[in-house]
Amino acid sequence: MSKAQYPSMLTKFESKSSRAKGIAFHPKRRVPSSLNKPWILVSLHSSTIQLWDYRMGTLIDRFEEHDGPVRGIDFHKTQPLFVSGGDDYKIKVWSYQTRRCLFTLNGHLDYVRTVFFHHELPWILSSSDDQTIRIWNWQNRSLICTMTGHNHYTMCAQFHPKEDLIVSASLDQSVRVWDISGLRKKHSAPTSMTFEDQMARANANQADMFGNTDAVVKFVLEGHDRGVNWVAFHPTLPLIVSAGDDRLVKLWRMSDTKAWEVDTCRGHFQNVSACLFHPHQDLIISVGEDKTVRVWDLNKRTSVQSFKRENDRFWVIAAHPEINLFAAGHDNGVMVFKLERERPASAVYQNQLFYITKEKHVRSFDFAKSTESPSMLSLKKLGSPWMPPRTLSYNPAERAILVTSPADGGTYELVSLPRDASGAVEPTDTKRGSGTSAVFVARNRFAVFNQASQQIDIKDLTNSTTKTIKPPHGTVDVYFGGTGCLLLITATSVVLYDIQQKKQLAELAVNGVKYVVWSTDGLHAALLSKHNVTIVTKSLHQVSTLHETIRIKSATWDDAGVLLYSTLNHIKYTLMNGDNGIVRTLDQTVYLVRVKGRNIYCLDRAAKPKVLAIDPTEYRFKLALVKRDYDEMLNIIRNSSLVGQSIISYLQKKGYPEIALQFVQDPQTRFELAIECGNLDVAVEMARQLDRPKLWQRLSTEALAHGNHQVVEMTYQKLRNFDKLSFLYLATGDQEKLQRMAKIAEHRGDMTARFQNALYLGDVENRIEMFKEVDLYPLAYMTAKSHGLEEECQAILEASGLTEDQIALVSTGKALAPPKPVVPTYKTNWPVKGTSTSVFEKALLGQAEGGDDDAAPYTNGYGEDNLIEADDGAARDQMAEADEDEDAAGWDMGNDVEAEVEDEFVNVEAAETGAGSSEADLWARNSPIAADHVAGGSFESAMQLLNRQVGAVNFKPLESRFQEVYQASKTFLPATAGMPPLVNYVRRTVNETDSRKLLPLIPRDLESIVAGELQAGKTQMRTNKLEDGIQSFKKILHLLLVNAVSSQGEVSEAKTVIRTAAQYALAMSIELERRSIVKSSTDLASFPEDVKKRALELSAYFTIPEMDPSHVTLALFSAMNLAHKNKQLSSALSFANSLIEKGTNAKFKESARKIKTVCERNPNDAVEIEFDQFAEFEICGASHTPIYGGSPSAVCPYDGTKYHSTYKGTVCKVCEVAQIGAPASGLRLFV
Amino acid sequence: MDPYSAEGELVNIHSAFHQGQYSQVLDFDTSSFSSSNAVPARLLKLRAQIALEQYDEVIADVSGEESTPDFAAAKVLAEYLKDPWDSEEAVETAKKLAGSKGDNLGVQLLAGTVLADSGNVEEALALLSKHQGSLDAVAMIVQIHLQQNRTDLAAKEALNARKWAQDSLLVNVAESWVGLRQGGEKYQSAYYVFEELAQAPATQAPLTLVGQAISEIHLGRLPEAEAALQQALDINAQDADALANLMVLNTLAGKDAAEVMGRLEMARPKHQALLDLKEKTEEFEAARAKYTPKFEA
């Protein structure tokens, strides 16, 4: 085969040594995965055995006890053992843990060629130039079977992986298959034989007394014309492969009774040293002295690929039993390699992953639903059968994929994906060409890079070249570089290249980049090389870089800008600032494609999508910390168990001791952190718990620095530091305590202290007293003298038996006294150092800031309300909606307006030239909704519609709404310079192109009104901001009058909202009228009788409009209190009863019960008011008086507010738009 | 060789002009251009100056060179745009130029602009239809058809151009103009074209960013549209078209648009959007006056 195929063999590790004759991979065990080692043993011609870590590329150990070349080597499958056999005739068993040879098996009479452990029995199989094959029991270190039959060197002997068979190869040109079931039977049968018997039998090698032989030749396979060097069983099929000095690799098949030659693989032009079956694929791999590794198709026996070394003959090959890895030994060492890339080609677009399976089918995976699509396409014909595609690039605009394959020096294929996945169909209409890499660079362009010719072609979708670029010398790969750009990868740098301008925009020196991963927002990219991750901005400025000792496999961005990457055995994260850590460990290598919440989506080496659970808490927390997003941090702290030393030390290191403090339980650490962040309260608390002098000492220093002398005082007390304490009291001016200190000093008999305190206190008598006590009369005298205490002087003189003349006095000067404190500064701490409460701490402490807002502004005795009840009310509102659906059925009174409207426009269908009608005109034609006419700029017809639908006559209040709707209707697209911008109309029917169905987008949909104004209005009700509230509710009425909704269901919801808003507006206007006549007085005695009566009535009417129960409760409570205060005990009783029955607030109910008890004693009203608690009535929207059932009335056709019939024909007070009692067909909001 | 083809001298300056990178056009070094391209290159620079509203500079620059029809046309356009409400003279001159020098591309484009904008649409179309393979003319024809609300004719014109000019920049852009009228899937295609231009560092300009934002508004992706407009305003805080569309966007999103409107009034008091709104205020008053609401005293 040609050398062009060479790139698909991927060398993972190479060692340099003398000739390698034997190789063994460390076996993989599933549990625990920590026991899986990336190790190979290499036995050398120089007598050394090497143990390598091929992943890290390090030599772990050397074992040197053999004398002469070591040819055979094998790891034990489960125990920490290995076996070797050498030209010293010896077989040695070693422990790689204790790193020494455990024992030696002697017996062979010539070079030992191969040694192998049995997969379950404690046996070792060896072959030797002494023409024998031997089986040894390594547990009792004995030879249990010697197989003779070959009549030349036996070069190789291997156990069958499952059955009791052995296959051997010999320079006698034969391959033999041996049956050892007899041996197993003998050794597993219960035995009562003596040791001597066993020995005798083991050595007999003859039929025993039952006619069993230990090992018998089953088949002799003859076909090689020269000596056979190697032979191996197939792991699952009854096949054997052998390699010989006749330069042939032969394939044999066997049944129970016979074995025969199947075919020969021809190609080696020198002796073939070794061969084996691929553990998972239908391939044979052989190595030879012609310096080649050759791969053969097992089914066709044709060569698939080959690899040639320049100078080294190959001697041996081994396969890893699980992983797709091989090792070959040659004249100068060992190479570990893969036959093919295992990274599945894939691309992510929004919620979809497109990838190519092992069968070369294109599939997609939906992240949102976690479902895998059926195959969409089969790419069987792409590249060669044994070569998987390398990359996949997806173009959402064209729903096309671009796939590259390394076959034939690199090829690409452009294929359209079918709309629906309907199975692995062969693609029709593919475009192909040759190139090393190919990526989409725009919706209709892709770039093809050819490494050999160092050229990039920009091609359009018909595969014709539109532009050619010469990349910088040494470019090895190209990646998408943001719109209109490419990232060109060379061995030592990455270049950002603008395709259109054909120039380099930026260059960054970074070595060996292999993959580029863009963040979802396209602002950052991660450049992955073998051991480094470099994060860059889209203009190729380096943001951070990190190094990994383990190979980096893949990466993907979190939506928040955290990069998650996988190494061979971990998933890790890195923040933009380079902080990184481990997210989880991996049992097997995976390729990350997406991270969403707690799930990581990846492809495994079998190209199957997998979802791995991760805990993103740590990195999210760190990210929040970096962004100073305290809410998020708080949220994380509250909702997850984020503790542990790592996060604490992280926080401390990053300069956030106050946050770390939140996590720590250990008092000592807490104390340290508290001191560090100056949180004295916590520090004091912890110091109390630990109570150690050293801590008090540190606390006192810190507290002193803060000016917190109360803590300083306490620490000095704890430390019994009297001197300092006294001085502190002096400094703070705390005379009382200073006196106490003096007493204590006296009590302790500490004269110095006493003197000091007396000095601080300016207590002369005490000082003199003390001097006298210690017999320092001269000093006592001097003190007395200087303070002018003559009597005392005399007394001292007398006591010492002296007279004044006998003393020579020095001049004493004026007596000094400490100044007296003017202000009691000791009472509070000095505000020296601001308390360092971070935003974060505040947030943590003041957990219910929202609550404060609610509590404050009650001015009229509403007391409190709670949010839960408000929610309750909302829920009830929604239940009420169902009932109103019935009413809605009556609203649809026909499309009579449409016909008329249409007449107003000229018919302009398809005149050959001249202007057409604008989309705005179409809107008006397409819709009977006033808002659509407003958006179309047809204000006049909009007003007509509103007039007919809801009797609207006063449009002034709607002006801003009209303007808003109109203003939002079109965009202005600048086109040719000098010409006015092109006007385009914004549609709510985004996907529609039928001009008869186009409708404008109306700003402020129902949802936003409910969430905005309605919520605001109700809050204003609750917080008693009625003037604002009435504005909010009127705004709702105006917003909904000129609006459109998206479903019939929303129509009824909108009508409920209209009704609710009208009722609230009415209720608020009633209450506001009451306040306007009596202000905020609750005792009305001073008002004239008619005002008093009206006020009481209005407070009663306030309870009538339909509001949320919690708000009715407020009205009732206010009415009850007012009535009660003004001796309206009958009314008060009725409100109290309603409150007890319907009230939603326990506290109010409580006071209602009390008032009820009081009122029941004398249920009479002082003033007769017009309020019949037992009658059904509504309140007139204009006069605010009752309209009893049956009496004549008129209704606002828009909001449904009732009026006395005298108001008919005037403008509604609530909506301020519609005419009361006007004929109306009902508001249209939906087409 | 066609000077506008991929290898021609004019391609980059021409693209820059149509990507709205007017200052790059002005800074373009054209001294090395062959003599046959000198006039078109200078004309492009003049047009860029006109786009930047430097009318007086243009008039001064070309005065004395009116004998070259291209420059005469540039002067007419500058005079016209300087004050379009008092421009009968300019329109007359444009008509004369169209009559006498109608074969000149510069005249077609610039005098055509004057005619189209002053309401002489038929004449403008007639003049522009004389062009010989000029995409600039095609783009203008498309735009005029769209202003006439004849999306069908505009689409036809663009389709014809694609047949001979394949996917050159102007064809893509003109198709996007049409697409924004047609809607449906065309919104997304238009978005791709504008986004491709707007997000590539080499071609980013307020013009293309506004185009991107508008496609996003029509696709209902308001936050993304806002981001694009913000990018445009970061480049030029006074960009009137970006402000006008930001005003629309804010209104759509239920945000207060008054502040942006104020900025627009500062930046370009006679922007179409503002004039239109003023007109509508009057219309509202007129329509409202037909009703006589009765208020209860």
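Residues numbered from 1 in each chain as written. Chains lettered and ligands numbered in written order. Predicted model: local features only at pLDDT ≥ 70, side-chain atom pairs only at ≥ 80, totals over all residues. Heavy atoms only, no water.

K.L.:
For the overall build of chain B, give the residues involved together with the corresponding values.
P.N.:
Helix and strand counts for chain B stand at 17 helices and zero strands. For 297 residues, the compact-globule estimate of 2.2 N^0.38 gives 19 Å, and chain B sits close to it at 21 Å. For chain B, with 297 residues in total, the buried portion stands at 55%. Considering only residue pairs separated by 6 or more positions, chain B has 49% of its internal contacts joining residues 24 or more positions apart. (Helix = DSSP H or I, 4+ residues; strand = E, 2+ residues; numbered from the N terminus. Rg over C-alpha atoms; globule rule 2.2 N^0.38 Å. Buried < 20%, exposed > 50% of the residue type's maximum accessible area, 1.4 Å probe, protein only. Contact = heavy atoms within 4.5 Å.)

K.L.:
Residue-level account of the pattern of salt bridges, with values.
P.N.:
All names here are of chain A. The tally for this structure, following the rule as stated, stands at 62 salt bridges over all chains. Note that Arg988 is salt-bridged to Asp932, the shortest N-O span being 2.9 Å. Of this pair, Arg988 sits in the loop between strand E58 (982-985) and helix H25 (1006-1022) while Asp932 sits in helix H22 (residues 930-935), placing them 56 residues apart in sequence. The class for Asp932 is buried, based on a relative accessible area of 0%. Note that Arg961 and Glu964 form a salt bridge whose closest N and O atoms lie 2.6 Å from each other. Highlighted residues: Arg961 and Glu964, both in helix H24 (residues 959-967), separated by three residues, approximately one helical turn. The class of Arg961 is buried, set by a relative accessible area of 3%. Residue Glu964 is classed as partly exposed on the basis of its relative accessible area, which comes to 25%. (Salt bridge = Lys/Arg side-chain N within 4 Å of Asp/Glu carboxyl O.)

K.L.:
So what's going on with the interface of chain A and chain B? Which residues, and what values?
P.N.:
Contact with chain A, which involves 74 residues of that partner, is made by 73 residues of chain B. Carbon and sulfur atoms make up 59% of the area that chain A and chain B hide from each other, which totals about 6400 Å². It is Gln967(A), Phe972(A) and Met979(A) that lose the most area in chain A upon contact with chain B, and together they represent 11% of the buried surface on that side. The interface formed by chain A and chain B includes three salt bridges. Measuring nitrogen to oxygen at the nearest pair gives 3.4 Å for the salt bridge that ties Glu285(B) to Lys956(A). Put simply, chain A and chain B have 20 residue pairs in polar contact (both at pLDDT 80 or more) between them. At the level of secondary structure, the elements contributing two or more residues to the side of chain A that touches chain B comprise helix H23 (939-950), H24, strand E57 (970-973) and E58 of chain A. Of all the elements, H24(A) adds the most residues to the side of chain A that touches chain B, at six residues. (Buried area = accessible area lost by both parts, 1.4 Å probe. Polar contact = N/O pair within 3.5 Å; in protein donor to acceptor, adjacent residues only side chain to side chain.)

K.L.:
Any details on a nonpolar patch on the surface? Residues and values, ideally.
P.N.:
Together, Val774(A), Leu776(A) and Leu779(A) line one region of the surface with nonpolar side chains, adding up to about 220 Å² of accessible area. Judged by its relative accessible area of 40%, Leu779(A) is partly exposed. (Patch = residues over 30% accessible without salt bridge, like charges linked within 9 Å, V, L, I, M, F, W, Y side chains within 5 Å. Areas by Shrake-Rupley, 256 points an atom, 1.4 Å probe, with all protein chains shown as cover.)

K.L.:
Explain the nonpolar core to me, and be specific about the residues and the numbers.
P.N.:
Counting 162 residues, the largest nonpolar core has Leu946(A), Phe962(A), Tyr1198(A) and Trp177(B) as its most contacted members. Ranked by residues supplied to this core, first place goes to helix H27 (residues 1048-1078) of chain A with 14 residues. Built from parts of two domains, this core gets at least three residues from each of domain 4 (891-1003) and domain 5 (1010-1207) of chain A. Excluding residues that lie within four positions of it along the chain, Phe962(A) makes contacts with Val934(A), Phe939(A), Ala942(A), Met943(A), Leu946(A), Val1042(A) and Phe284(B). Among the nonpolar cores identified, the runner-up in size contains 62 residues, and Cys156(A), Val167(A), Trp252(A) and Ala328(A) belong to it. (Core = buried A, V, L, I, M, F, W, Y, C linked by side-chain atoms within 4.5 Å. Domains from an automatic or database assignment.)

K.L.:
Outline a negative patch on the surface, supporting the account with residue identities and numerical values.
P.N.:
All names here are of chain B. A contiguous patch of negative charge, built from Glu79, Asp83, Asp86, Glu88, Glu89 and Glu92, is present on the exposed surface. No other element matches the three residues that helix H6 (residues 88-100) contributes to the negative patch. Following the sequence through the fold, Asp86 ends up in the loop between helix H5 (69-82) and H6. For Asp86, a relative accessible area of 63% puts it in the exposed group. (Lys, Arg positive; Asp, Glu negative; His and termini not counted. Charge placed at Lys NZ, Arg CZ, Asp CG, Glu CD.)

K.L.:
Break down the sheet that holds strand E55 (residues 599-604) of chain A for me, with residues and values.
P.N.:
All names here are of chain A. Taken in spatial order, the three strands line up as E54-E55-E56 in an open sheet, and their pairing is antiparallel. At either end of the open sheet lies a strand with only one pairing partner, and these are strand E54 (590-596) and strand E56 (609-613). This sheet shows a mean twist of 30° between the axes of neighbouring strands, independent of strand direction. Looking at chain direction, E54 and E55 are connected through six bridges and run antiparallel. The residue bridging Tyr591 from the neighbouring strand is Leu603, located in E55. (Pairing = 2+ DSSP bridges. Axes fitted to C-alpha atoms, helices over the stretch in contact; angles between N-to-C directions.)

K.L.:
Give me the lowdown on the pairing of strand E39 (residues 445-450) of chain A, citing residues and values where you can.
P.N.:
Every regular strand shows the same layout, with side chains that alternate between the two sheet faces. All names here are of chain A. For E39, the buried fraction is high: five of the six residues fall into the buried class. Two elements, strand E38 (residues 437-442) and E39, share five bridges in a ladder whose sense is antiparallel. Residue Val439 lies in a different strand from E39, and its bridge partner there is Ala447. Count of turn residues in the E39/strand E40 (residues 455-460) antiparallel hairpin: four residues, of which Gln454 carries a positive phi of about 50°.

K.L.:
Residue-level account of the domain arrangement of chain A, with values.
P.N.:
Partitioning chain A into domains gives domain 1 (3-27 + 38-188 + 197-338), domain 2 (368-628), domain 3 (632-806), domain 4 (891-1003) and domain 5 (1010-1207). Domain 2 of chain A and domain 4 of chain A are separated by 47 Å when their C-alpha centres are compared.

K.L.:
Outline the side chain of Thr715(A), listing residues and values.
P.N.:
Residue position: Thr715(A) is located in helix H10 (residues 709-719). In this view, Thr715(A) contacts Trp696(A), Leu699(A) and Ser700(A); residues no more than four positions away in its chain are not counted.

K.L.:
Help me get a handle on helix H9 (residues 135-147) of chain B, residues and values and all.
P.N.:
Residue and element names in this part refer to chain B. If you check H9, its first and last C-alpha atoms are 18 Å apart, about what 13 residues at 1.5 Å a residue would give, namely 18 Å. Here H9 lies mainly inside the structure; 12 of its 13 residues are buried. All of the buried residues along H9 are Leu135, Asp136, Ala137, Val138, Ala139, Met140, Ile141, Val142, Gln143, Ile144, His145 and Leu146. Put simply, Ser134 is the residue that caps the front of H9, since its side-chain oxygen is 3.2 Å from the backbone nitrogen of Asp136. (Expected span 1.5 Å × (residues − 1).)

K.L.:
Give a detailed account of the environment of Tyr54(A), specifying residues and quantitative values.
P.N.:
Residues and elements named next belong to chain A. The topology assignment puts Tyr54 in the loop between strand E4 (49-53) and strand E5 (58-63). With relative accessibility at 7%, the residue Tyr54 sits in the buried group. Between the alpha carbons of Tyr54 and Ala660 there is a distance of 41 Å; along the sequence they are 606 residues apart. Here Tyr54 is in contact with Lys12, Phe13, Phe25, Pro38, Trp39, Ile40, His320, Ile323, Leu325 and Val336, once residues within four sequence places are set aside.

K.L.:
So what's going on with the sheet that holds strand E14 (residues 154-159) of chain A? Residues and values would help.
P.N.:
Residues and elements named next belong to chain A. A sheet is described by the order of its strands in space; here four strands give the open sequence E14-E15-E16-E17, paired in antiparallel fashion. A single partner strand is all that each edge strand has here, and the edge strands are E14 and strand E17 (216-222). Each neighbouring strand pair of the sheet contributes to a mean axis angle of 20°, computed without reference to strand direction. With six bridges joining them, strand E16 (residues 174-179) and E17 adopt antiparallel strand pairing. Paired with Arg176 across the strands is Val220, a residue of E17.

K.L.:
Explain the packing of helix H14 (residues 222-235) of chain B against helix H15 (residues 240-252) of chain B residue by residue, including any values.
P.N.:
Residue and element names in this part refer to chain B. Between H14 and H15, whose axes approach to 10 Å, the crossing angle comes to 155°. If you check the angle between H14 and H15, you find them roughly antiparallel. Between H14 and H15 lies a crossing whose hand is left-handed. Of the residues in H15, those in contact with Leu222, Ala225, Glu226, Leu229, Ala232 and Leu233 of H14 are Ala242, Leu243, Asn245, Leu246, Leu249 and Leu252. Taken together, the residues that form the contact of H14 with H15 break down as 10 nonpolar, one polar and one charged. (Parallel < 35°, antiparallel > 145°, perpendicular 65-115°, else oblique. Left-handed = near helix turned anticlockwise from the far one by under 90°. Nonpolar A, V, L, I, M, F, W, Y, C, P; charged D, E, K, R; others polar.)

K.L.:
Residues and numbers for the packing of aromatic side chains, please.
P.N.:
Residue and element names in this part refer to chain A. Summed over all chains, the structure comprises 36 aromatic pairs over all chains. Where Phe25 meets Tyr54, the ring centres are 5.8 Å apart and the plane angle is 80°; that geometry is what we call edge-to-face. Of this pair, Phe25 sits in strand E2 (residues 20-25) while Tyr54 sits in the loop between E4 and E5, and the two are 29 residues apart along the sequence. Each member of the pair, Phe25 together with Tyr54, is buried. Between Phe755 and Phe771, the ring centres sit 5.6 Å apart and the planes meet at 50°, which makes this aromatic pair tilted. Of the two residues, Phe755 sits in helix H13 (residues 751-761) while Phe771 sits in helix H14 (residues 764-773), which places them 16 residues apart along the sequence. When its relative accessible area of 28% is taken as the criterion, Phe755 is described as partly exposed. Looking at Phe771, the relative accessible area reads 9%, which means it is buried. Through a chain of ring-to-ring contacts, three or more aromatic side chains come together here, namely Trp39, Phe63, Phe75, Phe82, Trp94 and Tyr96. A cation sits over an aromatic face here: Arg343 above Tyr515, 3.7 Å from the ring centre. (Phe/Tyr/Trp six-rings, centres within 6.5 Å; stacked < 30°, edge-to-face > 60°. Lys NZ or Arg CZ within 6 Å of the ring centre and 35° of its normal.)

K.L.:
How would you summarise unusual backbone geometry if you had to cite specific residues and measurements?
P.N.:
Not every positive phi belongs to a glycine, and Arg1004(A) is a case in point at roughly 65°. Structurally, the position occupied by Arg1004(A) is in the loop between E58 and H25.

K.L.:
I'd like a rundown of helix H16 (residues 258-267) of chain B, residues and numbers included.
P.N.:
An α-helix turns once per 3.6 residues; consequently, residues spaced three or four apart project the same way. Where H16(B) is concerned, the buried positions are Val260(B), Met261(B) and Leu264(B). Down the axis, H16(B) shows its buried residues gathered within 100° of arc, on one side only. For H16(B), the exposed residues set more than 90 degrees away from the buried face come down to Glu259(B) and Met266(B). Close packing links the buried residues of H16(B) with H24 of chain A together with H15 and helix H17 (272-288) of chain B. (Arc of directions from axis to C-beta.)

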